[in-house]
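Chain residues, written in single-letter form:
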Amino acid sequence: MTMFWSQTARELSPYVPGEQPRIADLVKLNTNESPFGPSPLALEAMRSAASDALRLYPDPEASELRAALAARHGLKPGQVFVGNGSDEVLAHAFVALLKQPRKLLFPDVTYSFYSVWAQLFGVTCETVPLDAEMHVRIDDYRREAGAIVIANPNAPTGVALPRAEIARLLQEHPDIPVLIDEAYVDFGGESAVPLIADHPNLLVVQTMSKSRALAGLRVGYALGDVGLIEALRRVKDSFNSYPLGRIAQAGATASVRDEAYFRDSCARVIAERQAMARKLAGLGMVVLPSSANFVFARHPARGGLELAAALRERAVLVRHFDKPRTAPYLRITVGTENDTRRLIAAVADVLSSAPAR
């Protein structure tokens, strides 16, 4: 902190991203990155886009990408907004839609960036506790609110709500913005996108970082009524008119069009998640039901922080959130079959040794 900081900067508690260490032969299962590469068609499109045309600004509307996304989701291009990763899209939504006179509601255990944006943008908020099984209960949102944001599947738990429950939430709150953050929906969740036609207050946010293996490209998008999308555009054009470069637009568009590769990659992640969950349970771990590309697991007799540290000593990196309700758990990204083999061997080795003192 220096004398030159603004009051806002002084008061912020920034989001802490997952560690990106450079450790030889590391099994990196801490940031929910895809174990598989992007679509070959996306890679080829990006190579082609790396041309002399980079001297020119990109299309500020990302028209081709928005058209491709609209076609895939059965919407019109005017119902699609794109940004520099879903984090930017969500941040714009906090300003454009979720900052209301009444409180914003979101779960007490969820994506930790929500509370950061609320603080940064001066959004009055209230957290709604998950139940004892770490599930979101729609009945708990039957209260006065200015807006609601729910990650579905939730993070870091991986637990998903069925679409019918999201529909019930929308029916009970028809007059406020409801944002459903679907970063992990492609790994087994039910998307709320089909509900957009009947609910002009619904905004669905998705990302290409997970299921499309484009975390390094930074592309996210929102789907919703044209009125919601226009609000996002107003904020975007007051912040950065060119959020997606030419290479990002080319790669993301090609990825959206490669449906076969997308479906195959998701199926492989789901199969490996199920195998990993079974093996962790076989070692005595309690694993929450996951519809994401990670699992949330704890051991009845060993603390989460201790386990995370012991696994790191064995070159296996997982994510630990040191908050009261999440402290016993580890969030473990689904990796390759070999990653799972090394993870399970490391967990078995840790559990067979004496607890740290």
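Refer to the structure printed above.
These figures come from a predicted structure and were not determined experimentally.

Analysis parameters
Residues numbered from 1 in each chain as written. Predicted model: local features only at pLDDT ≥ 70, side-chain atom pairs only at ≥ 80, totals over all residues. Heavy atoms only, no water. Pairing = 2+ DSSP bridges. Helix = DSSP H or I, 4+ residues; strand = E, 2+ residues; numbered from the N terminus. Expected span 1.5 Å × (residues − 1). Buried < 20%, exposed > 50% of the residue type's maximum accessible area, 1.4 Å probe, protein only. Arc of directions from axis to C-beta. Contact = heavy atoms within 4.5 Å. Polar contact = N/O pair within 3.5 Å; in protein donor to acceptor, adjacent residues only side chain to side chain. Salt bridge = Lys/Arg side-chain N within 4 Å of Asp/Glu carboxyl O. Axes fitted to C-alpha atoms, helices over the stretch in contact; angles between N-to-C directions. Parallel < 35°, antiparallel > 145°, perpendicular 65-115°, else oblique. Left-handed = near helix turned anticlockwise from the far one by under 90°. Nonpolar A, V, L, I, M, F, W, Y, C, P; charged D, E, K, R; others polar. Phe/Tyr/Trp six-rings, centres within 6.5 Å; stacked < 30°, edge-to-face > 60°. Lys NZ or Arg CZ within 6 Å of the ring centre and 35° of its normal.

J.: Sorry, what's going on with the sheet that holds strand β10 (residues 294–298) here?
T.: Adjacent strands of a sheet pair through backbone hydrogen bonds, lying either parallel or antiparallel. One open sheet accounts for three strands, arranged β9-β10-β12; its pairing is antiparallel. Looking at which strands have only one partner, the edges of the open sheet turn out to be β9 (286–287) and β12 (329–333). Note: β10 against β12, five bridges, orientation antiparallel. Pairing of R298 across the sheet is with Y329, part of β12.

J.: I tried to follow helix α11 (residues 337–352) on my own but got confused; where do I start?
T.: Residues spaced three or four apart along an α-helix point in a common direction, a consequence of the helix completing one turn every 3.6 residues. For α11, built from 16 residues, the straight-helix expectation of 22 Å at 1.5 Å per residue is met to within 8% by its first-to-last C-alpha distance of 23 Å. Taken residue by residue, α11 has D339, T340, L343, I344, A346, V347, V350 and L351 as its buried positions. Seen from one end, α11 has its buried residues packed into an arc of 165°, which puts them on one side. In α11, the exposed positions that point more than 90 degrees away from the buried face belong to E337, R341 and S352. Looking at the packing, one finds that the buried side of α11 touches β1 (27–28), α9 (259–282), α10 (304–313), β11 (316–317) and β12.

J.: For this particular structure, what's the right way to read the side chain of Q206?
T.: The topology assignment puts Q206 in strand β7 (residues 202–207). You can call Q206 buried: its relative accessible area is 3%. There is a polar contact of 2.8 Å between the side chain of Q206 and the side chain of Y221. For Q206, the residues in contact, after removing those within four places along its chain, are H73, S86, E182, V185, S191, V193, G220 and Y221.

J.: I tried to follow the pattern of salt bridges on my own but got confused; where do I start?
T.: Pairs can form between side chains of opposite charge once their charged atoms are near each other. One pass over the full model with this rule turns up 22 salt bridges. Between R137 and D140 there is a salt bridge; the shortest N-O distance is 3.1 Å. Owing to a relative accessible area of 38%, R137 belongs among the partly exposed residues under this scheme. We classify D140 as partly exposed; its relative accessible area is 22%. Members of the salt-bridge network, linked through shared partners, are D139, R142, E165, R168 and E172.

J.: In this structure, what is going on with the environment of P174? I would like to understand it.
T.: By the secondary structure assignment, P174 is in the loop between α6 (163–172) and β6 (178–181). The exposure class assigned to P174 is partly exposed, which follows from its relative accessible area of 49%. For P174 and C266, which are 92 residues apart along the polypeptide, the C-alpha to C-alpha distance reads 33 Å.

J.: Can you walk me through unusual backbone geometry in this structure?
T.: Among all residues except glycine, the phi angle is most often negative; among peptide bonds, the trans geometry is most common. Along the chain, N152 connects to P153 via a cis peptide bond; the corresponding omega equals 0°. Along the chain, the position of P153 falls in the loop between β5 (147–151) and α6. For the peptide bond that leads from A155 to P156, omega is 10°, which places it in the cis range. Here P156 lies in the loop between β5 and α6. A positive phi angle, near 65°, is found at R218, a position not held by glycine. Tracing the backbone shows R218 in the loop between β7 and β8 (220–224). On the accessibility criterion, R218 (28% relative accessible area) is partly exposed.

J.: Is there a simple way to think about the packing of helix α2 (residues 40–49) against helix α8 (residues 246–257) in this case?
T.: At a minimum axis distance of 8 Å, the contact between α2 and α8 shows a crossing angle of 155°. It follows that α2 is roughly antiparallel to α8 by the angle criterion. Where α2 crosses over α8, the two elements pack in a sense that is right-handed. Contact residues: α2 offers L41, A42, A45, M46 and A49, while α8 offers R246, I247, A250, G251, A254 and S255. Here the residues of the contact of α2 with α8 are counted per class, giving eight nonpolar, two polar and one charged.

J.: Any chance you could explain the packing of aromatic side chains here in plain terms?
T.: The relation between two aromatic rings is expressed through the spacing of the ring centres and the mutual angle of the planes. If you walk through the whole model with that rule in mind, you get 13 aromatic pairs. Measuring from centroid to centroid gives 5.4 Å for F94 and W117, while their planes differ by 50°, and the two rings are tilted. Of this pair, F94 sits in helix α4 (residues 85–98) while W117 sits in helix α5 (residues 113–121), and the two are 23 residues apart along the sequence. For the pair shown, F94 and W117 are each scored as buried. Pairing F113 with W117 gives two aromatic rings, centres 4.2 Å apart and planes at 5°, and the pair type is stacked. Taken together, the residues span about one helical turn, with F113 and W117 both in helix α5 at a distance of four residues. Of the two residues, F113 and W117, neither departs from the other in class, the shared state being buried. Just above the ring of F262 sits the side chain of R212; from NZ or CZ to the centre is 4.0 Å. Positioned over the ring face of F36 is R268, at 3.7 Å from the centre of the ring.

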